[in-house]
Amino acid sequence: MKSALLLSLLIASSVPAAEVFEAALGRETELPKGKEADGILGDFVLRSDKVEAVISQNSPNRKANMSTFYGEDGVTPGCLYDFTLRGANNDQLVIYAPCGHGPVSYVKMIDTKEPGSAAVESVTTAAKNGGVHKKHEYRVKDGVQGIFITTTLRNETDKPQKSFTKDDFMRFESSGEVDGIRWADAINPAHKCGYAFTTLSFNGVEKLQDTLELKPGQEVVISRFFAVGTSPAQAVGEVLAVKLAKRELLILAGGRIVDENDKGISTATLRVPFGKTTVPGYTDSEGNFSFKLPFEKSVINEILIDDLGRPQTKFSFPAVNYGTAPTSNKVVLSAPAAIRFDITDESGKPIPCKAHFAPLDQDAPKLNLGPKHRAHGCVDQYMSENGQFTQQLPPGKYRVVVVRGPEYSHLEQEVTVESGKESVFKGTLKRVVDTKGWISADFHNHSTPSGDNVCDTDGRLINIAAENLEFTPTTEHNRLYDWEPTIKALGLEAHIKTVKGIELTGSRQHVNAFPFEPEPLKQNGGAPDWNDDPRITVLTLRRFQGERADRWIQFNHPDLSNMFVDRDSDGIEDGGFVGVGSMIDGTESQNGAGTDILADAPFRLSRPAGSLAMKVSTVREFVWRQLLNQGLRVTAVGVADAHSVYGNGVGCWRCYLPSSTDEPAKIDWAELSPHAKAGHLVLSTGPFLEVTTQNGKIAGDDDRSTGGIDLKVRVQCTDWMDIDRVQVLVNSRPDPKLNFTRATHPQMFKDGVIKFDEKIHVPLQQDAHLIVVAIDEDGDQKIGYGTSDYAKVVPCAYNNPIYVDADGNGFKPNGDNLGFELPTGGLKVDAAKEKLMKAGLLKDGPQPAAPPAAEPKKTKKK
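From a predicted model like this one, the values you see are computed outputs, not experimental measurements.

Q: Please explain the overall build of the chain as it appears in this structure.
A: Each helix and strand in the chain was counted, giving 10 helices and 49 strands. By its C-alpha atoms, the chain is 100 × 70 × 60 Å across when sized along the principal axes. The buried share of the chain, taken over its 862 residues, is 57%. For the chain, long-range pairs separated by at least 24 residues make up 69% of all intrachain contacts whose partners lie at least 6 apart in sequence. Accessible surface, the chain: about 35200 Å² in total, of which carbon and sulfur atoms supply 50%.

Q: I'm lost on the sheet that holds strand β27 (residues 388-392) in this one. Help?
A: Across a sheet, strands are paired by hydrogen bonds formed along the backbone, either parallel or antiparallel in direction. Judged by pairing direction, the sheet is mixed, and its 3 strands sit side by side in the order β27-β24-β30 without closing on themselves. Lying at the two open borders of the sheet, with one neighbouring strand each, are β27 and β30 (422-428). Taking the axes of each pair of neighbouring strands and ignoring which way they run, one obtains an average angle of 20° across the sheet.

Q: Looking at this structure, how should I read the pairing of strand β49 (residues 802-805)?
A: On a regular strand, one side chain projects to one face of the sheet and the next to the other, so that they alternate. Here β49 shows two buried faces, one formed by Ile802 and Val804 and the other by Tyr803 and Asp805. Bridge count for strand β42 (residues 702-704) against β49 is 3 bridges, and the pairing is parallel. Bridged to Asp703 within β49 is Val804. Where strand β47 (residues 768-775) and β49 come together, 3 bridges link them in antiparallel fashion. By the bridge assignment, Ala768 is partnered in β49 with Val804.

Q: What is the right way to read the pairing of strand β24 (residues 338-344) from this model?
A: In terms of burial, β24 is largely enclosed, as 6 of its 7 residues are buried. Relative to β30, β24 is paired through 7 bridges, and the arrangement is parallel. Its bridge partner being in β30, Ala338 is matched across the sheet by Glu422.

Q: Hey, could you run me through the sheet that holds strand β29 (residues 411-417) in this one?
A: The strand order β26-β25-β28-β29 describes an open sheet built from 4 strands, whose pairing is antiparallel. Two strands bound the open sheet, and with one partner strand each, they are β26 (381-384) and β29. Taken over all neighbouring pairs, the strand axes of this sheet differ in orientation by 20° on average, direction set aside. Running over the sheet, helix α3 (residues 457-466) touches β25 (353-359), β26 and β28 (396-403) and is turned about 85° from β26.

Q: In this structure, what is going on with the nonpolar core? I would like to understand it.
A: Core analysis: the biggest nonpolar cluster contains 80 residues, and Phe471, Phe564, Trp669 and Tyr798 have the highest contact counts within it. Counting residues per element, this core draws most heavily on α3, which supplies 5 residues. For Tyr798, the residues in contact, after removing those within four places along its chain, are Ser589, Gln590, Ile597, Glu621, Trp624, Trp653, Val682, Leu683, Leu689, Ile771, Val772 and Val773. Counting residues in each nonpolar core, the second largest holds 37 residues, with Val401, Tyr656, Phe688 and Phe740 among its members.

Q: Looking at this structure, how should I read the side chain of Thr198?
A: Topologically, Thr198 is positioned in strand β14 (residues 194-203). On the accessibility criterion, Thr198 (3% relative accessible area) is buried. Within the local environment of Thr198, its side chain forms a polar contact with the backbone oxygen of Gly180, the two atoms lying 2.9 Å apart. Apart from the residues within four sequence positions on either side, Thr198 is in contact with Gly180, Ile181, Ser223, Arg224, Phe225, Val239 and Lys243.

What counts and what doesn't
- Residues numbered from 1 in each chain as written.
- Predicted model: local features only at pLDDT ≥ 70, side-chain atom pairs only at ≥ 80, totals over all residues.
- Heavy atoms only, no water.
- Helix = DSSP H or I, 4+ residues; strand = E, 2+ residues; numbered from the N terminus.
- Buried < 20%, exposed > 50% of the residue type's maximum accessible area, 1.4 Å probe, protein only.
- Contact = heavy atoms within 4.5 Å.
- Areas by Shrake-Rupley, 256 points an atom, 1.4 Å probe, with all protein chains shown as cover.
- Pairing = 2+ DSSP bridges.
- Axes fitted to C-alpha atoms, helices over the stretch in contact; angles between N-to-C directions.
- Core = buried A, V, L, I, M, F, W, Y, C linked by side-chain atoms within 4.5 Å.
- Polar contact = N/O pair within 3.5 Å; in protein donor to acceptor, adjacent residues only side chain to side chain.

Treat this as a map of the structure, not an account of what it does.
This is the structure in structure tokens:
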């Protein structure tokens, strides 16, 4: 008897119980994790036996991430940051802020005096909130799969006061509402997490509205319940369980979905009925599912099951009271239609790659393999970390292309996918472009910790590996972060090297910098603050955590006119932020899917699609060329600035820079840094361009030669890319005598991997900087990118300038503005049109639509 009692006590003591604690004094290691986890040292952890949550502390500038909200009032203390099932470490929530966000007076743990519960309260006093006292209590209870949120609003003045009750809930792309219950699905459904919440009751007001006008002394109490589940359907069921209260009003639908060999199917989506509305539900790794549904007497419930590559199936089950054991539903699905991939390199080792699928059957619908923010099934593509994967597809005929960036060959087949059968796509990707002594890099990309996107971090890194980028610093917005643990978890150490860095971001110039050491449990990973004066931001980054020789600092997607010509954008040339050019190491001339290095004006006129008004857009590459002639010697950088996997992924622009090793795992930024700082960068959308002077000088170097200089120009392209023009720019001007095309100089161009391999003599009578541009002016990259916008990117590469001293007195810039004044801010359409017409570059008539925009500049907003 004593043994049995002792055993029962031991079991009881081991069962998780409701508790609340501050994430400090060693317990910060217990912060829940997940894709959107943002908890830091000092936040409050609330947990029951079912769920765990993070409530943000009241500390200066506390935010979930950069983009949760902008502006001075964009802080979010006292809000629900992270929320996941107990032990799941699967947070998918950016923030839930009842009645909005803003500064608070305090956040603290409270004693609920209710056994099996724990709570935190956030209070904003009337003095800090326009006369309205505001309190949120967050409470968890054992046995309940959610969190109770009680809000109290009280007017403590002698006048009517307005108060807002609308909540902030983000960031999701699939959401809905059923019977007053709002739900949302994880951005990547494969993460199998859903949320749902509702208002349970409100007192002190007849009707709950987004804005209430409270009379003096009036108090309003709002009770909400917020649930988390393995799917939206499960979360909605948990809200119903609390909302309906009486168990006899619920039924429990459960079962298992298996294949013909009784193996659980984890990829199925169930369309779970809640009245006339369905909500997505998912099976677990073993094919099991369980949902709470409203009880409707004499109703035969039906659930539809979707799984890509299989026919839609449905099963029926009778209404059984929640108190009764649920009917065990076992649903057997037929084998899927699919393609299994086995992609290796020339040594037979599995290799990262990308496959894209084009349906060939007439009237075949567009493919939807998943959201654009993930690698494993994004729109009509699949990116793999190792080339070993299976993609289920609707039966039909497809053109399937497998690639791995612009240095590798491609594989292409027409595949007929039959119902219930698996086809095999096996092949070897050959590295055909010889880049020995150089590595490919992209200094600027993002994933979900940046806040302005929801791209999976593992998806970003698989995307990087699939496009064969070998060096990619970690540059999340306003957060020091490290991709290395994810690289190791994916087994990609042999393919990607990173260093820890940041993109420090504000309403004007964004600045990339690395390396640093993140402090993960501090706000923004311990990052410094941005300043509107880029010189202060650059100095801060230069000195942060101690100055170091390999610290790289670059301007991202810069407004070169604002930085170097017209600081206040008032249309008057004032020199910009004087001195800033000598403080940075590089500046992006290429950001996103544009190829305007040969543009003939510093701005363009365009009429955006759907707009009647024309707009003026600056051509960054042209302005960079102008500034070079004024003596601004800043290294140009080409980046993707990726914010998704499909569409705005990596690969559109990259840089090649010299390296003593061709093995990414052995890359050492301390060795690469002097090359980057010396301007030894070649920018490319794919072609591998090498430019060397007769004296062995390369991009960014100084050389000396009288009367002229010889350039050795060599261009390689993979089997799905070409070039048709090589143009030498002398002091930023395209020299018509140094313009070589397939049409005018066919003997200089080849059709193999080596497209161009010639010595070009450049006559010089004065100092000059030289840029060589290799381009396929009417080309595209459809084989490389399929339906992505990057398919329209023209193959192009150019080097940073080689500076040639022609008279022995040292290099001197020539001051040539290339026929246009240095652009200032506020240029109007009519004035721009007049300048272009004067230059003979525009006829009075309609203009083409604007090209796709790269990353927008962040502006302050509420």
